[in-house]
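Given next are the chains, with one letter for each unit.
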Amino acid sequence: MEPTFFIAGAPKAGTTSFYHQMDQHPQIYMSPIKEPCYFASELRIENFNEELRPRLRRESESLREYLRGPMTLKRFGGPVAEWEDYLLLFRNVRKEVAIGEASVSYLWSQTAAKNIAARIPDAKIILILRDPVDRAFSQYLQAVSSGLVHSSFREEIIANMNSRSGKFGVLNPFLEFGNYGAQVQRFLDVFSQDNVLIHIYEEMRTNPPDAMAETFRFLGVSAEFASASSARFMEPRVPRLMSAGYRLKKRGIWQSASRLIPERMRPALRRVIHRPRGSLMVDPKDRAYLRSHYREDILKLEQLLNRDLHFWLK
């Protein structure tokens, strides 16, 4: 069994919540792994930097065991490199009408659109595009929350712009994920417009039920189904002291201490340790800097989609 549709990006544009809501529909089967990334030929272990490769190799072994098990629990992340392994993700399909997977790297990838079209030419593609500045800031916050980064947002912007590394890292790719014009064009070059559904994140959030109903109709499943959950996943929790949080997580102390804290005490402790969500805002100077960086691409995307995206330029 092969998938019939793909949630192909963009990263940090609500695709995890979207994946979980789609997974609740009785006529939809979602891959038990989000982000298998099979069709993005770039995402192979040898293309990651030396720091990440050992962890990826361990995860690869764990992944193979998972694929040969019942796959009853959801799992985040692959990548799945072999076609035979990829097909195992869909062996539990029964009578579902639409069969899908979600890999946000596909939008950015220069190979994924053509690779999908070569294998599954009638596939349906779902894209969710978010203000590229907010998207980048959300990716940065996730890296900080995970204890992988402790420099400022502006420092990471400059580092990315000056980087010549061809290897994948914690924040590489970074700003490139928001260059939507050429990325969307790659999909429109190989799939008919009728088979590509593009949501704008900011518009979708104003009326989630309508966005889901439109998606269900696009996939040919019942639009009457009301998702039982509107939960948001992967919300960043940024420590008040970034450098201290970075060192504690790097050494594994944070994770060990968390396991010793009683469940009932954790919410109160999180409020003390982490910054309030309202304080996690892009500095106006950084926003203006990136607005200028993305402006030409946003205007190109407006023409490509024939949609008004002025709110991304404010």
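Just so you know, these numbers come straight off a predicted model, no measurement behind them.

Colleague: Run through the overall build of the protein chain, naming residues and quoting values.
Modeller: Across its full length, the protein chain carries 14 helices and seven strands. Across the 314 residues that make up the protein chain, the buried fraction comes to 47%. Expressed as a percentage of contacts within the protein chain between residues at least 6 apart in sequence, the contacts between residues at least 24 apart total 75%.

Colleague: Go over the sheet that holds strand β5 (residues 98–102), please, and point to the residues and values.
Modeller: Spatially, five strands are ordered β2-β5-β1-β6-β7 in an open sheet, and the strand pairing comes out parallel. In this open sheet, the two edge strands, each paired with only one partner strand, are β2 (28–30) and β7 (196–200). Strand-to-strand twist in this sheet, taken as the mean axis angle between neighbours without regard to direction, amounts to 20°. Bridge count between strand β6 (residues 124–129) and β7: five bridges; the pairing is parallel.

Colleague: Can you tell me about helix α6 (residues 132–145), naming the residues and giving the values?
Modeller: Along an α-helix, residues three or four positions apart point the same way, because every turn accommodates 3.6 residues. Under the 1.5 Å per step criterion, the end-to-end length of α6 is 20 Å for 14 residues, consistent within 8% with the ideal 20 Å. α6 sits mainly inside the fold: 12 of its 14 residues count as buried. Two to three positions downstream of the cap, the backbone nitrogen of V133 sits 2.8 Å from a side-chain oxygen, assigning the N-cap of α6 to D131. Within two residues after α6, G147 carries a phi angle of roughly 75°, on the positive side.

Colleague: Break down the pairing of β6 for me, citing the residues and quoting the values.
Modeller: Among the six residues of β6, five are classified as buried, and the element is accordingly described as predominantly covered. Summarising the sheet, strand β1 (residues 5–7) and β6 pair through three bridges and their orientation is parallel. Bridging from a neighbouring strand, F5 pairs with K124 of β6.

Colleague: Pulling in residues and values, what's your account of helix α2 (residues 53–67)?
Modeller: Between its first and last C-alpha atoms α2 spans 21 Å; for 15 residues at 1.5 Å apiece the expected length is 21 Å, and the two agree. Residues of α2 that are buried include every one of R53, L56, L63, Y66 and L67, and no others. Down the axis of α2, the buried side of the element spans an arc of 120°, and every buried residue falls inside it. Along α2, the residues that are exposed and aim more than 90 degrees away from the buried face are R58, E61 and E65. Packing partners of the buried residues in α2 comprise β3 (33–34), β4 (75–76) and α3 (83–88).

Colleague: Account for the side chain of T15, naming residues and giving values.
Modeller: Along the chain, T15 falls in helix α1 (residues 15–23). In this structure T15 touches I7, G9, A10, K34, V104 and I128, once residues within four positions along its chain are discounted.

Colleague: I'd like to hear about the packing of aromatic side chains, residue by residue, with values.
Modeller: Going through the model one piece at a time under the given rule, you end up with 22 aromatic pairs. With a centroid separation of 5.6 Å and 90° between ring planes, the pair formed by F6 and F39 is classed as edge-to-face. Here F6 is found in strand β1, whereas its partner F39 is found in the loop between β3 and α2, with 33 residues between them in sequence. Judged on exposure class, the residue F6 and its partner F39 are both buried. Pairing Y180 with W312 gives two aromatic rings, centres 5.9 Å apart and planes at 55°, and the pair type is tilted. Within this pair, whereas Y180 is found in helix α8 (residues 180–190), its partner W312 is found in the segment after α14 (284–305), the two being separated by 132 residues in sequence. Each member of the pair, Y180 as well as W312, is classed as buried. An aromatic cluster of at least three residues, connected via ring pairs, comprises F6, Y29, Y38, F39, W83, Y86, F90 and Y106. Here the guanidinium or amino end of R75 rests over the ring plane of Y66, the centre of that ring lying 5.7 Å away. The aromatic ring of F218 is capped on one face by K124, whose charged end is 5.1 Å from the ring centroid.

Rules of the game
- Residues numbered from 1 in each chain as written.
- Predicted model: local features only at pLDDT ≥ 70, side-chain atom pairs only at ≥ 80, totals over all residues.
- Heavy atoms only, no water.
- Helix = DSSP H or I, 4+ residues; strand = E, 2+ residues; numbered from the N terminus.
- Buried < 20%, exposed > 50% of the residue type's maximum accessible area, 1.4 Å probe, protein only.
- Contact = heavy atoms within 4.5 Å.
- Pairing = 2+ DSSP bridges.
- Axes fitted to C-alpha atoms, helices over the stretch in contact; angles between N-to-C directions.
- Expected span 1.5 Å × (residues − 1).
- Polar contact = N/O pair within 3.5 Å; in protein donor to acceptor, adjacent residues only side chain to side chain.
- Arc of directions from axis to C-beta.
- Phe/Tyr/Trp six-rings, centres within 6.5 Å; stacked < 30°, edge-to-face > 60°.
- Lys NZ or Arg CZ within 6 Å of the ring centre and 35° of its normal.

Just distances and angles here, no functional claims.
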